[in-house]
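Topology and contacts: notes
Okay, here's what each chain looks like letter by letter:
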Amino acid sequence: MSASRSSSQVQQGDRIFSLIVQACAVLIILILVSIIAVLVIKSQDTIGRFGLDFFTKGTWDPVNEIFGALPYIYGTVVTSILALLLATPFAIGSAIFVSEYVPRRIGDIISFTVELLVAIPSVAYGVWGFLVLKDVLRTTVDPALKAVVGPIPILGGLFRGPLYGLDIFTSSVILAIMILPTILAVSREVVRQVPRLQKEGMIALGATKWEAIRIAIIPYARTGIVGGAMLGLARAIGETMAVTMTIGNASPDKLTGSLFQSTSTLASAIASQFNEAQAARTYGSAVVQLGLVLLIVSSVINLFSRFLVSRTGAKNTRS
Amino acid sequence: MAQAQPLVPQLDRTALISAEKTRYARRQLTNTIASGLMFFLTAVSVSVLFIILAYIFINGISTLFPVVDGHLTFNLDFFIKPPESNLDGTTGGGVAQAILGTIEILIVAGIIAVPLGVGAAIYLSEYGTGFLVNTLNFTIDLLAGLPSVVVGLFVLAAFIGNLALIKIFPHFAGLAGSFALIIVMVPIIARSVEQILRLVPDSLREAGLALGMPKWRVILQIVLPTVAGGITTGIMLSLARAAGETAPVLLTILGQQFISTDLLQPMDALPIRIYKYATTGQPDLIPKAWAGTMVLVIVIALFSIAVRYVTGRNRYDA
C-alpha cells in the first residue's frame, strides 16, 4: 500500500520535472519563432510598399519616406568580404604555425592569447577604431594605398576620393581583427585533426616541412578552414558597434566603388537610426526590414558554415 | 641481372647530382620563406591584441589613477558619481549610473536566463531524443549566431513605444534591456551547460537509479551538484558576454545620465556610456570612454580566464 503510493509519487515527480524542462525547450523555440514573426509582421509596411525596390534602389530618405537599402547592403557585403580577405591569411598562417612549428604547450599559449581578442567587447574595438585606428589609417596607410595602387587602371578605383578616416576600409580592418580569432580557432582545430601519419609519411619520403603542409595538411583541412572563414563572415555581417563607430553612418545616393567612401552596413544603420525610426510608422518598418534581411543572411551563412565544419569532423572520426 | 644493365640509359651522374642539388636548395629556400611567413603572420596576429590592450590600459589607467600634485590618486568618483556639469562646460563626476544599470539589468536577465538555459540543457542531455531535441539544437545554434542588434530590434519592435506589436513599455526601459540580454544569454548557457552535463559519467546516474531514486532527484541531487563548478562558469561566461553587449541594450534602454533603479524607465549601461562618450566629440569625455572600456575589458577578461581555468581541469572520472 505504502510502496504503491510512493511509486506513484515518484512517477508524478518525474512527470512534473520532465514537463518543466520540456517547457524550457519549447519556450526557447518560441523565442526564435517570435523573433522571426515580429520582424516579418513589423516590416509588412515597407515590404508591401517597396517590394524588390528595397534591395535595388539606393535612395534612403526618411523625410520623404523613400527607402532603398542598397547602400547598406553594399556596405555590409564589401566590409565583410574585405575583412575576410584581410583576416584569413593571418588566421591560417597562425593556425599552421601554432600546430606545426612550435611545441603544443607554446602553441596553446599563442592561440589562447589571440583568442582573447574574442573576449574584448565590440564597443571596445569601436573606441579603439574611432579614437586611434581611424587617424593612423587616414594619415599613413590610406595615402600610401592611394599613391601606390591608385594609378593602376581597375584596382585604382578602390582607392579614390577624399580621406575622412571613417569609411569602409577602416571598418573592414577593425572587422578583420575581430573575426581573426574565430577563424583561427576553427582552423587550428581542423589542422590538428589531420592524421599525423599523412604528414610523417611525407617527411619520411624526404619532403620539406612546407611541402608536407602544402600537400598533406592544407588539402585535408581545406573544408574546415572554409567553414571557419564562413563563421567569421557571419560574425562580420552582424557586427554592430565597432562598425557603427568607424564607417561614418552615411546613406550615400551614389556608390563610388571606392573603399574610402563613408556608408553604413545593415547593422550599423539599425543602431544609428532606431531612435528616430521608432517614432514613425514607415521609417520604423524600413529599419525593422533591415533587421529581417540581416537575420536571414546571417542565419543562412551561419548554418552553412556549421555544416562545413561538422562535415570535416565527421570525416575525421571515420578515418 | 648483368644483361639488364645496357637497357638503362647512361646518365651523366655529376650533371644529375648538381641539378638535384640546385632543386634541393630551392626547396629548402621555399621552406625557409614559408616558415618565416608563418612566423610573421602569427607575430602580427598576437601583437594586434597587445597593441589594442596597451591603448586601452594606458589611457584607462591615466584616467582612473590620475597624478595630482605628484601623487598617484584613485578616481573613486568614476565609480560612485553620475555625470555632473562643471561651470566651464566640461563634465565631471563619473559613470555610476551606467555601472549600476549594467549590474541591475544583468541580474534581472540572469534570474530568468539561468533557469531557462539550464532547463533546456537538462532536456538536451538527460531526456533528449526525437523531434523536439533536434528543433531545440537547431534553435540554439541559430540564436547563438544571431547578430545581437537583431535581438535588440526584436524587443524594440515587439514591446516598446509606437513601434510595438504588444505595447508593454511606453518608452525605452531597463526591463526591456533585460529581455534582450536573456535572448543573448540563453543559448550560451544552454550550450555550455549541456556540454558539461555530458561529462558526468553514466555510472553515477545508474548508481542513483539503482538505489531507487526517481530520475528528477538523480538529476537535481547527483548530476547537477557533480558539475556545479562547470555550470557556474557557463553562467559566468554568458554574463560576461551580456555585460559587453552594446547594441541590444542601446536599442532597448537608450541610456541616460541620472542614477535610476526604476526598471520601467530608460536606464544606462556601461557599454552605452562608452559608446556615447567616445563619439560625442567632447574631448573631456574621451578619457572616461577609455576608462570605462578598461573596466569592461578587465571584468570580461577575469570571467573568461576563470572559465578557461575551471573547464581546463574538469575531469569527472568515475
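The structure displayed is predicted, hence computed values, not measured ones.

1. Regarding the overall build of chain B
When helices and strands are counted, chain B shows 12 helices and 4 strands. Against the compact-globule benchmark of 20 Å for 318 residues, chain B has a radius of gyration of 29 Å, which places it well outside the compact range. Principal-axis analysis of the C-alpha atoms places the extent of chain B at approximately 105 × 70 × 45 Å. Residue burial in chain B is summarised as follows: out of 318 residues, 42% are buried. At a minimum sequence separation of 6, the contacts of chain B that also span at least 24 residues come to 71%.

2. Some words on the overall build of chain A
In terms of regular secondary structure, chain A is built from 12 helices and 2 strands. Ordering the α and β elements of chain A from the N terminus gives α-α-α-β-β-α-α-α-α-α-α-α-α-α. Against the globule reference of 20 Å for 319 residues, chain A gives a C-alpha radius of gyration of 25 Å, more extended than a compact globule. Along the first, second and third principal axes, the C-alpha set of chain A runs to 85 × 65 × 35 Å. A fraction of 78% describes how many contacts in chain A between residues 6 or more apart in sequence connect residues 24 or more apart.

3. With respect to the interface of chain B and chain A
Each partner contributes to the interface: chain B provides 72 residues, whereas chain A provides 70 residues. Here the side of chain B that touches chain A gets 19 residues from one element, more than from any other, and that element is helix α1 (residues 13-64) of chain B. Class assignment of the residues belonging to the side of chain B that touches chain A gives a composition of 51 nonpolar, 18 polar and 3 charged.

4. Considerations on the environment of glutamine 97 of chain B
Residues and elements named next belong to chain B. Its place among the elements puts glutamine 97 in helix α3 (residues 96-127). Note on glutamine 97: 24 C-beta atoms within 10 Å, which makes it buried. Sequence separation of glutamine 97 and methionine 185 is 88 residues, and the distance between their C-alpha atoms is 23 Å. Glutamine 97 has contacts with Pro82, Gln257, Phe258, Ile259, Ser260 and Asp268, leaving out every residue within four places of it along the chain.

5. Let's talk about the environment of proline 214 of chain B
Take proline 214 of chain B: it is sitting in the loop between α7 (202-210) and α8 (215-226). When the C-alpha positions of proline 214 of chain B and lysine 276 of chain B are compared, they lie 54 Å apart, and in sequence the two are 62 residues distant.

6. Re the environment of arginine 191 of chain B
Along the polypeptide, arginine 191 of chain B turns up in helix α6 (residues 174-197). With 73 residues separating them in the primary sequence, arginine 191 of chain B and valine 118 of chain B have C-alpha atoms 9.0 Å apart.

7. Details of the nonpolar core
Core analysis: the biggest nonpolar cluster contains 195 residues, and Leu180 of chain A together with Ala176 of chain B have the highest contact counts within it. The contact partners of leucine 180 of chain A, leaving out residues within four places of it in the chain, are Ala87, Phe90, Ala91, Val114 and Leu117 of chain A together with Ser45 of chain B.

8. Concerning unusual backbone geometry
The backbone of aspartate 69 of chain B sits at a positive phi, close to 50°, despite the residue not being glycine. For aspartate 69 of chain B, the location among the structural elements is in the loop between β1 (67-68) and β2 (71-72).

9. A few points about the packing of helix α4 (residues 70-101) of chain A against helix α7 (residues 168-193) of chain A
Residues and elements named next belong to chain A. Between α4 and α7, the least distance of the axes is 6 Å, while the angle of their chain directions is 40°. Relative to α7, α4 is oriented oblique. Note on packing geometry: the crossing formed by α4 with α7 is right-handed. Grouping the amino acids of the contact of α4 with α7 by side-chain chemistry returns 20 nonpolar, 9 polar and 2 charged.

10. Digging into the packing of helix α5 (residues 148-159) of chain B against α6 of chain B
All names here are of chain B. Axis separation between α5 and α6 bottoms out at 9 Å; the angle between their running directions is 140°. On the basis of the axis angle, α5 is oblique to α6. Crossing hand, α5 versus α6: right-handed. In contact with Ser148, Val151, Gly152, Val155 and Phe159 of α5, α6 contributes Ala176, Phe179, Ala180, Ile183 and Val184. For the contact of α5 with α6, the residue count by class is 8 nonpolar, 2 polar and no charged.

11. Concerning helix α5 (residues 104-119) of chain A
An ideal rise of 1.5 Å per residue puts 22 Å on 16 residues; α5 of chain A measures up with 23 Å between its terminal C-alpha atoms. Buried within α5 of chain A we find Gly107, Ile110, Ser111, Val114, Leu116, Leu117 and Ala119 of chain A.

12. Thoughts on the confidence of the model for chain A
Residue and element names in this part refer to chain A. The predicted model of chain A averages 89 in pLDDT, with 94% of residues at 70 or higher. Within chain A, helix α10 (residues 241-246) carries the highest mean pLDDT (95), whereas helix α12 (residues 281-318) carries the lowest (82). When the criterion is pLDDT under 50, residues 314-319 qualifies, and its contacts beyond four places in sequence or with other chains add up to 2 contacts.

13. Examining helix α9 (residues 209-238) of chain A
Residues and elements named next belong to chain A. The end-to-end C-alpha distance of α9 is 38 Å, clearly below the 44 Å that 30 residues give at a rise of 1.5 Å each. The largest bend along α9 reaches roughly 55° and is located at arginine 222. Taken across its 30 residues, α9 has 22 buried, putting it largely inside the fold.

14. Examining the confidence of the model for chain B
Across chain B, the average pLDDT comes to 89, with 94% of residues at or above 70. This prediction of the complex comes with two scores: 0.90 for pTM and 0.91 for ipTM.

Definitions and limits used
Residues numbered from 1 in each chain as written. Chains lettered and ligands numbered in written order. Predicted model: local features only at pLDDT ≥ 70, side-chain atom pairs only at ≥ 80, totals over all residues. Helix = DSSP H or I, 4+ residues; strand = E, 2+ residues; numbered from the N terminus. Rg over C-alpha atoms; globule rule 2.2 N^0.38 Å. Buried ≥ 20, exposed ≤ 12 C-beta atoms within 10 Å, placed from the backbone. Contact = placed C-beta atoms within 7 Å. Nonpolar A, V, L, I, M, F, W, Y, C, P; charged D, E, K, R; others polar. Core = buried A, V, L, I, M, F, W, Y, C linked by C-beta atoms within 7 Å. Axes fitted to C-alpha atoms, helices over the stretch in contact; angles between N-to-C directions. Parallel < 35°, antiparallel > 145°, perpendicular 65-115°, else oblique. Left-handed = near helix turned anticlockwise from the far one by under 90°. Expected span 1.5 Å × (residues − 1). pLDDT = per-residue confidence, 0-100. Bend = angle between axes of the 7 residues up to and from the residue.

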